[in-house]
Amino acid sequence: MIETLNYLLRKARFQAQRKSLSDEMRLRWVNTMCYITQTCNSVLKDADYDELKREVERTKEEVTQLSEKELGKPEAVTGRDQSKASVSN
């Protein structure tokens, strides 16, 4: 999807720079460039959020496994547990 948006952005930029187009048409192409850029940023932001969410889940699993090894029993890790652990250490 990002590749397609980049392709469309290049095409829109080319059109916006054409001297043969009227100012009104060039402005429309500039607005199109802005829209494509916003869409691209939104897609990237969503992808970053999803990756961060997966990383937090992996970290929680690792902490749980380490805790089980250390204490010899399963222990659920929650946000509240993590904040208490950081205060006591």
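Just above, that's the structure.
A few points on the structure.

Rules used throughout
Residues numbered from 1 in each chain as written. Predicted model: local features only at pLDDT ≥ 70, side-chain atom pairs only at ≥ 80, totals over all residues. Heavy atoms only, no water. Helix = DSSP H or I, 4+ residues; strand = E, 2+ residues; numbered from the N terminus. Buried < 20%, exposed > 50% of the residue type's maximum accessible area, 1.4 Å probe, protein only. Contact = heavy atoms within 4.5 Å. Areas by Shrake-Rupley, 256 points an atom, 1.4 Å probe, with all protein chains shown as cover. Expected span 1.5 Å × (residues − 1). Arc of directions from axis to C-beta. Salt bridge = Lys/Arg side-chain N within 4 Å of Asp/Glu carboxyl O.

**Here's the deal with the overall build of the chain**
Scanning the chain from N- to C-terminus turns up three helices and zero strands. When its helices and strands are written in sequence order, the chain yields α-α-α. For the chain, the proportion of its 89 residues judged to be buried stands at 13%. For the chain, the proportion of contacts with a sequence separation of at least 24, taken over those separated by at least 6, is 37%. Surface summary for the chain: the accessible area is close to 7,700 Å², and the carbon and sulfur share equals 54%.

**Brief notes about helix α2 (residues 23-71)**
With 49 residues, α2 extends 71 Å from end C-alpha to end C-alpha; this agrees with the ideal 72 Å at 1.5 Å per step. When we look at burial in α2, the residues that qualify are Met33, Ile36, Cys40, Thr64 and Ser67. At the C-terminal side of α2, glycine 72 shows a positive phi close to 80°.

**Re helix α1 (residues 2-16)**
Relative to the 21 Å expected for 15 residues at 1.5 Å per residue, α1 spans 21 Å between its end C-alpha atoms, a close match to the ideal helical length. Burial in α1 covers these residues: Leu5, Leu9, Ala12, Gln15 and Ala16. Buried residues of α1 fall within an arc of 125° about the axis and therefore sit on the same side. In α1, the exposed positions that point more than 90 degrees away from the buried face belong to Glu3 and Phe14.

**Quick notes on the pattern of salt bridges**
Should their charged atoms come close, side chains of opposite charge can pair. Within this structure, the stated rule accounts for three salt bridges. With its nearest N and O atoms 2.9 Å apart, the salt bridge here joins glutamate 51 to arginine 54. Linking glutamate 51 with arginine 54, this pair stays in helix α2, spanning three residues, or about one helical turn. Owing to a relative accessible area of 36%, glutamate 51 belongs among the partly exposed residues under this scheme. Close ionic contact of glutamate 55 with arginine 58 constitutes a salt bridge, the shortest N to O distance being 2.6 Å. Residue glutamate 55 and its partner arginine 58 are both found in helix α2; the two are separated by three residues, about one turn of the helix. Beyond isolated ion pairs, a larger network of salt bridges with shared partners links Glu51, Arg54, Glu55 and Arg58.

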